[in-house]
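Each chain is listed here by its residues.
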Amino acid sequence: MSDREVEQLLGRMEAWLEAEPFAPEGDFLTAWLAEWPRAVARAERGPGWENLVQKAGQLAQRVAERTGPLMAQRDAILSDLRLQSVGQRALRGYQSGTQRV
C-alpha cells in the first residue's frame, strides 16, 4: 500500500480542523481514529514519509488546541453533574429524615 492513504487521512483531518465554525462530530473522529492505525500499518514509508510524519505531528498539535476548550467545557459539565448528584442524594436523605417525624 502506498503512503497516499495516510496523506488522504491527514488531508481529511486538516479539513475537519479548518471548518468554520468548528463543530466537532464524534462520528468523524471515531471513524478517523479507526482508519488511522490501519493506514499507517499499510504505508510503505517511501519518499516523503518524513514530511507526512511532520504534518501528522502538526495536526496533532492543532487537534489538541481545538479540542482543549471543549474538554474543559466537558469537565466543567461533569463536575456540575457530580455536584447535582451529591445535592440530590443529600436532599433525599433530608426529606426521608423529615418525613419520619
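Structure's up top.
As a starting point, this report considers the structure included with it.

Rules of the game
- Residues numbered from 1 in each chain as written.
- Predicted model: local features only at pLDDT ≥ 70, side-chain atom pairs only at ≥ 80, totals over all residues.
- Heavy atoms only, no water.
- Salt bridge = Lys/Arg side-chain N within 4 Å of Asp/Glu carboxyl O.
- Helix = DSSP H or I, 4+ residues; strand = E, 2+ residues; numbered from the N terminus.
- Buried < 20%, exposed > 50% of the residue type's maximum accessible area, 1.4 Å probe, protein only.
- Expected span 1.5 Å × (residues − 1).
- Bend = angle between axes of the 7 residues up to and from the residue.
- Contact = heavy atoms within 4.5 Å.
- Core = buried A, V, L, I, M, F, W, Y, C linked by side-chain atoms within 4.5 Å.
- Phe/Tyr/Trp six-rings, centres within 6.5 Å; stacked < 30°, edge-to-face > 60°.

1. Side note on the pattern of salt bridges
Pairing is possible between side chains of opposite charge, provided their charged atoms come close.
Then step 1. Applying the stated criterion across every chain, the model contains eight salt bridges.
Then step 2. Here Glu7 ties to Arg4 by a salt bridge, and the two come within 3.3 Å at their closest N and O atoms. Here Arg4 and Glu7 lie together in helix α1 (residues 4-18), a separation of three residues that amounts to about one turn.
Then step 3. Exposure remark for Glu7: the relative accessible area of 37% places this residue in the partly exposed category.
Then step 4. For Arg4, a relative accessible area of 46% corresponds to the partly exposed category.
Then step 5. Here Arg12 makes a salt bridge to Glu35, at a shortest N to O gap of 3.1 Å. Residue Arg12 is found in helix α1, and its partner Glu35 is found in helix α2 (residues 26-42); the two are separated by 23 residues along the sequence.

2. What about helix α3 (residues 49-99)?
Because an α-helix completes one turn every 3.6 residues, residues spaced three or four positions apart along the sequence face the same direction.
Then step 1. A rise of 1.5 Å per residue sets the reference length of α3, with its 51 residues, at 75 Å; its end C-alpha atoms lie 71 Å apart and thus fit the reference within 8%.
Then step 2. When the local axis directions of α3 are compared, the greatest deviation, roughly 40°, occurs at Thr67, which is followed within four positions by the proline Pro69.
Then step 3. Of all the residues in α3, the buried ones are Trp49, Leu52, Leu59, Val63 and Thr67.
Then step 4. At its buried positions, α3 is contacted by α1.

3. With respect to the nonpolar core
Then step 1. Residues Val6, Met13, Trp16 and Leu17 are the most contacted members of the largest nonpolar core, which totals 15 residues.
Then step 2. Elements that contribute at least two residues to this core include exactly α1, α2 and α3.
Then step 3. Here this core gets six residues from one element, more than from any other, and that element is α1.

4. Observations regarding the packing of aromatic side chains
Then step 1. Summed over all chains, the structure comprises two aromatic pairs.
Then step 2. A ring pair is formed by Trp16 and Phe28, whose centres lie 5.2 Å apart and whose planes are at 25°; its orientation type is stacked. Placement of Trp16 in helix α1 and of Phe28 in helix α2 is noted, with a sequence separation of twelve residues between them. Taken individually, Trp16 and Phe28 each receive the classification buried, so the pair is uniform in this respect.
Then step 3. Seen from their ring centres, Trp32 and Trp36 are 5.0 Å apart, and the 10° between their planes marks the pair as stacked. Of the two residues, Trp32 and Trp36 are both situated in helix α2; the distance of four residues between them amounts to about one turn of the helix.

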